[in-house]
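Structure assessment
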Amino acid sequence: MHGSGSGGEPGRTPGRDVDHEFLALERELSVFLRRARANSGEMAREVHPDLEAAAYGLLVRLESTGPQRATDLAAYFGVGKATMSRQLHALERLGLVARETDPADGRAWLVHLTDEGLARFTSVRDARRGRYARKLADWDRSEIAELARLLHHFNERSED
């Protein structure tokens, strides 16, 4: 199998235990992540000029899941409660999210997108999807579906 040996075998760097496939993956993920961070900043500013890039992901999560507790959001993103609280307060000040009492536990709060937050987010998300459609116009739909499937599979494994 290509890249399964060591030393001078195909797919290996002599004297090093390195798979070229994993080096290529690391290189491409680095480029992808750098561009994704830049895109998140641009999209955040399109939602609201004062929105931090990191907070855009919160809007994505709230739109896809509906109301969430701040502690659940913090756990999902792997950040501390203080960081999450700061980001949610900023979103609240901008009128993009609001809090409501959790009907399952009156002591807890759920965070949800406001109508304004949903409208702004949806507009930016739809524009982004249009950019993806233009960039991938020469791809077969099956290739796009396969890329999405592989990224989903990778993301699921990254949660462990």
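Residues numbered from 1 in each chain as written. Predicted model: local features only at pLDDT ≥ 70, side-chain atom pairs only at ≥ 80, totals over all residues. Heavy atoms only, no water.

**A word on the environment of Arg69**
With respect to the secondary-structure elements, Arg69 resides in the loop between helix 2 (53–65) and helix 3 (70–77). On the basis of relative accessible area, Arg69 is assigned to the partly exposed category, the value being 27%. Considered as a pair, Arg69 and Val111 are 42 residues apart in the sequence and their alpha carbons are 6.0 Å apart. Among all residues touching Arg69, those that are not within four sequence positions of it are Asp102, Asp105, Ala108, Trp109 and Leu110. (Helix = DSSP H or I, 4+ residues; strand = E, 2+ residues; numbered from the N terminus. Buried < 20%, exposed > 50% of the residue type's maximum accessible area, 1.4 Å probe, protein only. Contact = heavy atoms within 4.5 Å.)

**Points about the packing of helix 1 (residues 20–47) against helix 5 (residues 115–135)**
In contact at an axis separation of 9 Å, helix 1 and helix 5 are set at 140 degrees when each is read in the N-to-C sense. Between helix 1 and helix 5, the crossing angle belongs to the class labelled oblique. Note that helix 1 runs across helix 5; the crossing there is right-handed. Together, Met43, Glu46 and Val47 of helix 1 and Arg120, Phe121, Val124, Arg128 and Arg131 of helix 5 make up the contact between the two elements. When the residues that make up the contact of helix 1 with helix 5 are grouped by side-chain class, the tally is four nonpolar, no polar and four charged. (Axes fitted to C-alpha atoms, helices over the stretch in contact; angles between N-to-C directions. Parallel < 35°, antiparallel > 145°, perpendicular 65-115°, else oblique. Left-handed = near helix turned anticlockwise from the far one by under 90°. Nonpolar A, V, L, I, M, F, W, Y, C, P; charged D, E, K, R; others polar.)

**Focus: the nonpolar core**
Side chains that are nonpolar tend, in soluble globular proteins, to be buried together. The biggest cluster of nonpolar side chains holds 20 residues, and the ones touching the most others in it are Val47, Leu51, Tyr56, Leu59, Leu88, Leu91 and Val97. Contributions of two or more residues to this core are made by helix 1, helix 2, helix 3, helix 4 (81–93), strand 2 (105–113) and helix 5. Those residues in contact with Leu91 that lie beyond four places of it in its chain are Leu51, Ala55, Leu58, Leu59, Leu96 and Val97. (Core = buried A, V, L, I, M, F, W, Y, C linked by side-chain atoms within 4.5 Å.)

**Quick look at a nonpolar patch on the surface**
On the surface, a cluster of nonpolar side chains totalling about 430 Å² of accessible area is made up of Phe32, Leu33, Trp139, Leu147 and Leu151. Every element with two or more residues in the nonpolar patch is listed here: helix 1 and helix 6 (141–158). Following the sequence through the fold, Leu147 ends up in helix 6. (Patch = residues over 30% accessible without salt bridge, like charges linked within 9 Å, V, L, I, M, F, W, Y side chains within 5 Å. Areas by Shrake-Rupley, 256 points an atom, 1.4 Å probe, with all protein chains shown as cover. Salt bridge = Lys/Arg side-chain N within 4 Å of Asp/Glu carboxyl O.)

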